[in-house]
Amino acid sequence: MKKKLISISLASIFIIIFFVFYKGLKNTNIYTPDVKINYDIPVFSANLFYLNEEVNSANIFKKDKFYLVNIWSSWCVPCRDEHPILMELKKNSNITVIGINYKDNKKNAQNFLNQLGNPYKKIIVDQKGTLSIEWGAFGVPETFVIYNKKIIKKYIGPLNEESLIEIEKII
Amino acid sequence: MKILKFTLLIYFIFSLNFLYASSEDKRNKITKNLRCLVCQGQSVYDSDSEFANSMKILVEKKLDEGLSEKQIYKYMQIKFGDWILYDPGLSKNTYILWLLPLLIFLFGGAIIYKKLIKKN
């Protein structure tokens, strides 16, 4: 009886380990971290793209208003793909689109906006890339929907038609 | 008196150097425990990617602001989740990770102990 119990438990342990590895090895090794939302926006002061003056986050983001913060760069190809979506969102008066220009050359960024249009009400310059990390981003493009100074939705990668509908529903 | 002054000056210079080294050591220690999210199997310390380089600057900035090592880990955890840490602390998501080896060790120990008692 005792021997039987030991062999059954050994067999079940082996089966569990087998399934854990079987499932684990089939998983993709490209890991995307959890999309963390509902945390406060960072407090920062940074330079504006056009005016070249320093601005505080408290002066940009007001309570009871929706904002869309988009991290972009002229060298980022997916940013070009999502640009029409941002231009579409610009037309919506319920939301203000703010851009964070990530590690970019000013001239190239200006050309990018001249060519595709400027959807942003304000553009913040993030030359070192640290501000984007403070927002919880690890690449470009990334987009955040903000309400009451809290991040309520986060998009990793370019926005598409689906995300546009989702954002319009939120606001 | 001159010798004393000279010795004190040397000591002062060396202590400054020590302070500098310790803050760099701290930065290195922290970045070694942070995972580079855009690389595969590399820490922020090892990586030279855009993300890792910005992360190194941010860690330094946070240290300058007076945040402790634990506070920096907590800050990163809030932004990116447990995955950012190579050495995650004990939480409800990591109970199995931390307690399973201990349970297996105790279970194995109990089996060996029982067998030894039986033999004697």
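Because the structure is predicted, anything quoted here is derived from the model rather than measured. (Residues numbered from 1 in each chain as written. Chains lettered and ligands numbered in written order. Predicted model: local features only at pLDDT ≥ 70, side-chain atom pairs only at ≥ 80, totals over all residues.)

**A look at the overall build of chain B**
Counting its regular elements, chain B contains 4 helices and 0 strands. Against the compact-globule benchmark of 14 Å for 120 residues, chain B has a radius of gyration of 23 Å, which places it well outside the compact range. Counting only C-alpha atoms, chain B reaches 80 × 45 × 25 Å along its principal axes. By the burial criterion, 16% of the 120 residues in chain B qualify as buried. Taking all contacts inside chain B whose residues are at least 6 apart in sequence as the whole, residues at least 24 apart take part in 39%. (Helix = DSSP H or I, 4+ residues; strand = E, 2+ residues; numbered from the N terminus. Rg over C-alpha atoms; globule rule 2.2 N^0.38 Å. Buried ≥ 20, exposed ≤ 12 C-beta atoms within 10 Å, placed from the backbone. Contact = placed C-beta atoms within 7 Å.)

**Things to note about the nonpolar core**
Ranked by internal contacts, the top residues of the largest apolar core, which has 43 residues, are Leu68, Val69 and Leu89 of chain A together with Met55 of chain B. Only β3 (66-72), α3 (77-90), β4 (95-102), β5 (122-126), α5 (130-134) and β6 (142-147) of chain A together with α2 (50-64) and α3 (69-80) of chain B provide two or more residues apiece to this core. If you tally residues by element for this core, the top one is β3 of chain A, at 5 residues. Sequence-distant contacts of Leu89 of chain A, that is, excluding residues within four places in its chain, are made with Leu68, Ile95, Val97, Pro119, Leu164 and Ile167 of chain A. (Core = buried A, V, L, I, M, F, W, Y, C linked by C-beta atoms within 7 Å.)

**Description of the sheet that holds β5 of chain A**
Residues and elements named next belong to chain A. The sheet built from 5 strands is open, its strands ordered β5-β4-β3-β6-β7 with mixed pairing. One side of each edge strand has no neighbouring strand; the edge strands of this open sheet are β5 and β7 (150-156). Neighbouring strand axes in the sheet, compared pairwise and without regard to direction, differ in orientation by 20° on average. One ladder, built from 6 bridges, connects β6 with β7; its direction is antiparallel. Looking across to β7, one finds that Val145 is bridged to Lys153. In the packing of α3 onto the sheet, the strands contacted are β3 and β4, and the crossing angle to β4 comes to about 150°. (Pairing = 2+ DSSP bridges. Axes fitted to C-alpha atoms, helices over the stretch in contact; angles between N-to-C directions.)

**Description of the interface of chain A and chain B**
On the chain B side, the residues contacting the 14 residues of chain A number 16 residues. Split by residue class, the side of chain A that touches chain B holds 5 nonpolar, 5 polar and 4 charged. (Nonpolar A, V, L, I, M, F, W, Y, C, P; charged D, E, K, R; others polar.)

**Considering helix α4 (residues 106-116) of chain A**
At 3.6 residues per turn, the α-helix brings residues three or four places apart onto the same side. Residue and element names in this part refer to chain A. Along α4, the residues that are buried comprise Ala109, Phe112 and Leu113. Taken end-on, α4 shows its buried residues confined to a sector of 90°, consistent with a single buried face. Summarising the geometry of α4, the exposed residues directed more than 90 degrees from the buried face are Lys107, Asn108, Asn111, Asn114 and Gln115. Turning to α4, the residues buried within the fold contact β4. Directly after α4, the chain includes Gly117, whose backbone phi takes a positive value near 100°. (Arc of directions from axis to C-beta.)

**Describing the environment of Lys121 of chain A**
Residue and element names in this part refer to chain A. Its place among the elements puts Lys121 in the loop between α4 and β5. Lys121 gets classed as partly exposed once you count the C-beta atoms within 10 Å, which come to 14. Between the alpha carbons of Lys121 and Gly99 there is a distance of 7.8 Å; along the sequence they are 22 residues apart. With residues near it in sequence (within four places) discarded, Lys121 still touches Thr96, Val97 and Ile98.

**Things to note about the domain arrangement of chain B**
Partitioning chain B into domains gives domain 1 (2-89) and domain 2 (90-120). Placing a centre on the C-alpha atoms of domain 1 of chain B and another on those of domain 2 of chain B gives a separation of 36 Å. (Domains from an automatic or database assignment.)

**Quick notes on α3 of chain A**
Residues and elements named next belong to chain A. Taking 1.5 Å per residue as the helical rise, α3 with its 14 residues ought to reach 20 Å, and the 21 Å between its terminal C-alpha atoms agrees with that figure. The largest bend in α3 comes to about 40°, at His83, with the proline Pro84 one to four residues further on. Of the positions making up α3, those classed as buried are Cys79, Glu82, His83, Ile85, Leu86 and Leu89. Packed against the buried residues of α3 are β3, β4, α4 and α6 (161-170). (Expected span 1.5 Å × (residues − 1). Bend = angle between axes of the 7 residues up to and from the residue.)

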